[in-house]
Structures are given as structure tokens and as C-alpha cells.
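# Topology and contacts: notes
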Amino acid sequence: MAEKASGGVQSVERAFELLELITQAGGQVTLSELSSVTTLPLPTIHRLLRTLVSLGYVRQLPNRRYALGPSLIRLGEVANKQLGAVARPYLKDLVDTLGESANMALLDSDMVVYVAQVPSPHSMRMFTEVGRRAHTHDTGVGKAILAQLDPATVRGIVTGAGMPTPTPKSIGNLKDLEAELDRIRERGYSVDEEEQEIGVRCFAMAVPEAPTPMAISVSGPVSRVDAAFAERAIPLLREAADRISKELNAAS
């Protein structure tokens, strides 16, 4: 019985290894490509893929490549909602104290996805829909997350997603982005300086030791979100990020 259980655990580990490898390859691979990057025997890879396809976690395309399947979307949506639920009380505290909208976002492949928001009570406020995906290079949360990653990973993310410039203040090339990430690492937080929308400023901070790369932010009109606001907001963002980290790690 113990031997069967051990084999079952090994199969689970191998299945997740294949899912990770498909993800790292950009979401699609061939059987031979998988075989070239893992030590698993080809018959084992094929057997595990058949099982994952039958469960909907992998799908086989007409060109015989293997892609991530729709069942993973459901799991991801539920996981994102749970992470958002953890963060929401801390985001509410930020809004109650600072009076501006607060968000949390996660890295999702080469974009960020917003998983929680508490809106400002002001009639003129920043609003980001939960579930919205955005680029990393021109958002406060995105840059805060990128600053936690190694240079090769950053290059892969922005190369895959592209670097559009929605405003004249947006960063549009890798060299300038890398310089900005150095500044973020030095000071410990990022700023979206009207890079997503003219007239809107955002301060953001990565959640340390998070189970997946994530960041929280506060944002609002530049007329209210100024240098004096930053002096109040940065320590509160750091405290909220630390508390979210502790709760997530305690839960895991």
C-alpha cells in the first residue's frame, strides 16, 4: 500500500512538472520538446499527457501540439478570488486611512491581473475592474513585481507582451525599464507616473515572500496623490504588504 501511495505522489509531481514546462514554453509544446527538457521517459510523458487531456488540464491541438487546458482557468479564477479575499481587509484599511483606491494584482504569464480592489469614496477616483489584465511595464503593480524578478525573466515578460505606450509618459523600451526597475529596488516601491492614464498617479509595492508574484497599490488623481500623500502612503503600503504576506504564508 505504501509503495502505491509513493507512486501516486510521484505521478502527481510529474504531472505538475509537465504543466510547469508547458507554461514556461509559452503555453504550447510538442511531445518531443517536452522530452528534450525533462528526464522523464517518453512513454511516461505520453501517459501523463493523456490523463491531463482527459481531465481538461491539457488539450491537444489539431497540429498535435499540447496546450494548457480550460480546467486550469477555473482553478486559477478560484485561486485568484481567494487571494483577493485575503487582501481585501488590508486594502480597505488603506482606503479608510488614505482615501484613495487600493488594488492587488498578480503576475499572470506576461501580464498582471487585478484580483482585488476597494474603491475610493471620492466621486473622482481611480477604478480598475477585478479580472482586468494589464501590461507590467506601465503599471505600478506591474513594475513592483518586475523589480522582484531576475533580468532574463523580465526580458521574457516584456518581449512576450510588448511595450505599448498608452501615454507620452509610458516607458517604451527595455533599457529605460531596466533603469526604472533599479530605482524601484533601491527605494522599495514603484510609481506609475501617469503612465497608464494622464492625470492618475499610483504608488505600488510587491508583497514579500508571496506564493506567486503579486503587488498592492494605491492610486488616484495627481492633484491628491502627491509627494505629501506618498509620505503617508508608503509606510502603510509596506505594512499592508507585510501583513498580507504573513497571512498567505501562515495559510500555506
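Our subject is the structure that appears above.
Just so it is clear, the structure is predicted and the values come from calculations on it, not from any experiment.

### Considerations on the sheet that holds strand 8 (residues 200–206)
Read from one edge to the other, the open sheet built from 6 strands follows the order 6-5-4-9-8-7, with strand pairing classed as antiparallel. Where the open sheet ends on each side, the last strands, each with one partner, are strand 6 (133–134) and strand 7 (190–193). Of the strand pairs in this sheet, strand 4 (residues 101–108) and strand 9 (residues 214–221) are connected by 6 bridges, and their pairing is antiparallel. Within strand 9, the residue paired with Ala-102 across the bridge is Val-218.

### Focus: the pairing of strand 8
Within strand 8, 7 of the 7 residues are buried, which leaves it mostly tucked inside the rest of the structure. Burial along strand 8 is two-sided: the face carrying Val-200, Cys-202, Ala-204 and Ala-206 and the face carrying Arg-201, Phe-203 and Met-205 are both buried. Counted along the chain from strand 7 to the antiparallel partner strand 8, the turn is 6 residues long, and its residue Glu-194 has a positive phi close to 60°. Both strand 8 and strand 9 contribute to a ladder of 7 bridges, which runs antiparallel. Along strand 9, the bridge assignment pairs Met-205 with Ile-216.

### Points about the sheet that holds strand 3 (residues 66–68)
Pairing is antiparallel in the open sheet, where 3 strands are placed in the order 1-3-2. With partners counted over all chains shown, the strands left at the sheet margins are strand 1 (28–29) and strand 2 (58–60), one partner each. Pairing of strand 1 with strand 3 involves 2 bridges; the strand directions are antiparallel. In the strand pairing of strand 3, Gln-28 is matched with Ala-67. Against the sheet, helix 3 (residues 42–55) touches strand 2 and strand 3, its axis set at about 100° to strand 2.

### Details of the layout of surface pockets
The method is simple in principle: a probe with the dimensions of a water molecule rolls over the atoms, and the space it marks as empty is what remains. Volume-wise, the largest pocket comes out at about 1,800 Å³. Surrounding the largest pocket, 40 residues form its lining, Thr-23, Leu-68, Gly-76, Asp-108 and Ser-109 being those nearest its centre. Elements represented by at least two residues in the lining of the largest pocket include exactly helix 1 (2–24), helix 3, helix 4 (70–98), strand 4, strand 5 (111–118) and helix 6 (151–161). Looking at which element gives the most residues to the lining of the largest pocket, the answer is helix 4, with 9 residues. Broken down by class, the residue content of the lining of the largest pocket amounts to 22 nonpolar, 12 polar and 6 charged.

### With respect to the packing of helix 6 against helix 7 (residues 174–187)
Where helix 6 contacts helix 7, the two axes come as close as 11 Å, and the packing angle between them is 135°. The pairing of helix 6 with helix 7 is recorded here as oblique in orientation. The two elements helix 6 and helix 7 cross, and the hand of that crossing is right-handed. On the side of helix 6, the interface is formed by Val-154, Arg-155 and Val-158, while helix 7 contributes Leu-174, Leu-177, Glu-178 and Leu-181.

### Focus on the packing of aromatic side chains
Using the criterion set out here, one finds 2 aromatic pairs in the structure. These aromatic residues form a ring-pair network of at least three members: Tyr-189, Phe-203 and Phe-229. Note that Arg-187 overlies the ring of Tyr-189, its terminal NZ or CZ placed 5.1 Å from the centroid.

About the criteria used
- Residues numbered from 1 in each chain as written.
- Predicted model: local features only at pLDDT ≥ 70, side-chain atom pairs only at ≥ 80, totals over all residues.
- Heavy atoms only, no water.
- Pairing = 2+ DSSP bridges.
- Helix = DSSP H or I, 4+ residues; strand = E, 2+ residues; numbered from the N terminus.
- Buried < 20%, exposed > 50% of the residue type's maximum accessible area, 1.4 Å probe, protein only.
- Contact = heavy atoms within 4.5 Å.
- Axes fitted to C-alpha atoms, helices over the stretch in contact; angles between N-to-C directions.
- 1 Å grid on protein atoms, 1.4 Å probe; cavity = no way out; pocket = protein on both sides within 12 Å on 5 of 7 lines; lining within 4 Å.
- Points joined across faces, edges and corners; volume = space filled by probe spheres on them.
- Nonpolar A, V, L, I, M, F, W, Y, C, P; charged D, E, K, R; others polar.
- Parallel < 35°, antiparallel > 145°, perpendicular 65-115°, else oblique.
- Left-handed = near helix turned anticlockwise from the far one by under 90°.
- Phe/Tyr/Trp six-rings, centres within 6.5 Å; stacked < 30°, edge-to-face > 60°.
- Lys NZ or Arg CZ within 6 Å of the ring centre and 35° of its normal.

That's the geometry; what it means functionally is another story.
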